[in-house]
Amino acid sequence: MDLKKEILRLKKEKNAVILAHYYQVPEIQDVADYVGDSLGLSQKAAETDADIIVFAGVHFMAETAKILNPTKTVVLPDLKAGCSLADSCPPDAFKAFKEKHPDHLVITYINCSAEIKAMSDIVCTSSNALKIVESVPKEIPIIFAPDKNLGHYISKISGRDLVLWDGSCIVHEAFSIDKLLKLYSEHPGSKIIAHPESEAHILDAANYIGSTAGMINYVKEHPEEKFIVATEAGILHKMQQDVPNTLLIPAPAEEDNTCACSECAFMKVNTLQKLYDCLLNESPQIEVPEPIRKRALIPIERMLELSK
C-alpha cells in the first residue's frame with residue numbers, strides 16, 4: 001500500500017486537514033497541508049474549515065486545536081506523543097504556585113496542558129513571547145511558566161522581572177556547550193542559531209535566537225552563510241528544502257546518540273503508518289472537558305489577537 005497516496009485520498013474524502021510541526025519526521029511533513037511552529041499551527045487550527053484535524057505533533061498541540069475547535073474531530077497519531085516541558089508543570093502544583101502570587105498576571109508558554117492554560121491570563125509561543133510580555137503594563141507583575149529558559153531570555157531582553165516556574169524541555173537542555181564550541185572551531189565562520197528554550201550558555205554563544213519559524217526565516221535571509229542549528233533536529237528537513245545549497249549542521253547533544261544531535265523522542269513516536277491509521281479510524285481523538293476548554297480558550301484567543 002502506498003501510504004502517502006492513501007493518506008491524501010482519505011484526507012480529501014473526509015475533508016481533513018493535516019497540521020504538522022517542524023519536528024515531525026520528514027515523511028509526515030511531506031504529506032501535511034501545513035508545517036509550522038506552535039504559533040503558526042494555532043493560527044491554522046483557528047481558521048480551518050476542515051471537519052477533521054489530524055495533528056501531527058504532540059499532545060498539548062492537538063489539545064490547543066480542540067480548544068479552538070470544539071465541534072471538530074481532532075486526532076493525534078499516537079497519544080504517547082507527550083512533552084517533557086508540559087509534564088514539568090503539574091496542574092495542582094502550579095495552582096499552589098499561582099496562589100502564592102495572587103496579584104500576578106499569568107503568561108504561559110503554549111507548551112503546557114489545557115489545565116494550565118485554563119489557569120492563565122495569556123498564552124504565548126516563542127515567536128511572540130516578547131511581544132506579549134511587553135503588552136502588559138510595567139506596573140503589573142508577571143508569572144511566566146512553564147519554561148524557565150525562555151522566561152530567563154525574555155526577562156533579559158525585556159528588562160521585566162518575571163516570576164518563573166522551574167520547568168524545561170529535555171531536548172533543548174541536552175545541548176553540550178563544549179561540543180558546540182568544538183564543532184564551531186571545525187566550521188569557522190559558521191553562525192550559531194538557537195531556540196530560546198535552550199540554556200543561557202547556549203544562547204550566549206548564538207548569533208541569532210528565535211522560534212523555529214524565526215530560525216528558518218533567518219537562514220532564508222542569509223543563504224550564503226553556514227549554520228550550526230541548536231534546536232530539535234527535525235527542523236533541518238524544511239530548512240534544507242528552503243536553502244538547498246546552504247550547509248546546515250545540527251548542534252551536538254551531551255549524550256552520544258545515533259544522530260549526534262538533539263531529537264525529541266515524543267515528536268518521533270508519530271509515524272506515517274500511525275497517521276494513516278488515525279485518519280482512517282478517526283482515532284485516537286482528543287477531548288477537553290468543556291469547563292476547562294472554555295477557560296483555556298480565553299488566553300489562547302488573547303494570544304491570537306495580540307499576534308495579528
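Residues numbered from 1 in each chain as written. Predicted model: local features only at pLDDT ≥ 70, side-chain atom pairs only at ≥ 80, totals over all residues. Heavy atoms only, no water.

**Section: the side chain of K14**
Looking at where K14 falls in the secondary structure, it is placed in helix α1 (residues 3-14). Residue classification places K14 among the buried positions, given a relative accessible area of 18%. Within the local environment of K14, its side chain forms a polar contact with the backbone oxygen of L280, the two atoms lying 3.2 Å apart. Among all residues touching K14, those that are not within four sequence positions of it are D51, I52, L279, L280 and E282. (Helix = DSSP H or I, 4+ residues; strand = E, 2+ residues; numbered from the N terminus. Buried < 20%, exposed > 50% of the residue type's maximum accessible area, 1.4 Å probe, protein only. Polar contact = N/O pair within 3.5 Å; in protein donor to acceptor, adjacent residues only side chain to side chain. Contact = heavy atoms within 4.5 Å.)

**A few points about the pattern of salt bridges**
For the coordinates displayed, the defined rule picks out 15 salt bridges. Where K274 meets D78, a salt bridge forms, and the shortest distance between an N and an O atom there is 2.7 Å. Of this pair, K274 sits in helix α14 (residues 272-281) while D78 sits in the loop between β4 (73-75) and α5 (84-87), placing them 196 residues apart in sequence. Among the residues examined, D78 registers a relative accessible area of 11% and is labelled buried. By sharing partners, the salt bridges in this structure join E6, R9 and E13 into a single network. (Salt bridge = Lys/Arg side-chain N within 4 Å of Asp/Glu carboxyl O.)

**Observations regarding unusual backbone geometry**
Between A145 and the following residue, P146, the backbone shows a cis peptide bond with an omega angle of -10 degrees. Among the structural elements, P146 can be located in the loop between β7 (142-145) and α9 (148-158). With an omega dihedral of 0 degrees, the bond running from S283 to P284 counts as a cis peptide bond. Position of P284 relative to the elements: it lies in the loop between α14 and α15 (290-306). We note that N15 has phi near 50 degrees; this positive angle belongs to a residue other than glycine. Relative to the assigned elements, N15 resides in the loop between α1 and β1 (16-21). For N15, a relative accessible area of 33% translates into the label partly exposed. In this model, E282 sits at a positive phi of 50 degrees, which is unusual for a non-glycine residue. Note that E282 resides in the loop between α14 and α15. Judged by its relative accessible area of 27%, E282 is partly exposed.

**Here's the deal with the sheet that holds strand β2 (residues 34-36)**
Across the sheet, four strands lie side by side as β2-β1-β3-β4; this open sheet has parallel pairing. This sheet does not close on itself; its edge strands, each paired only once, are β2 and β4. If you compare each strand with its neighbour and ignore which way they point, the axes differ by 20 degrees on average. In this structure, β1 lies alongside strand β3 (residues 52-56), joined through five bridges in parallel fashion. Within β3, the position partnered with A20 by the bridge is A56. Together, β1, β2 and β3 form the strand contacts of helix α3 (residues 38-47), whose direction differs from that of β1 by roughly 170 degrees. (Pairing = 2+ DSSP bridges. Axes fitted to C-alpha atoms, helices over the stretch in contact; angles between N-to-C directions.)

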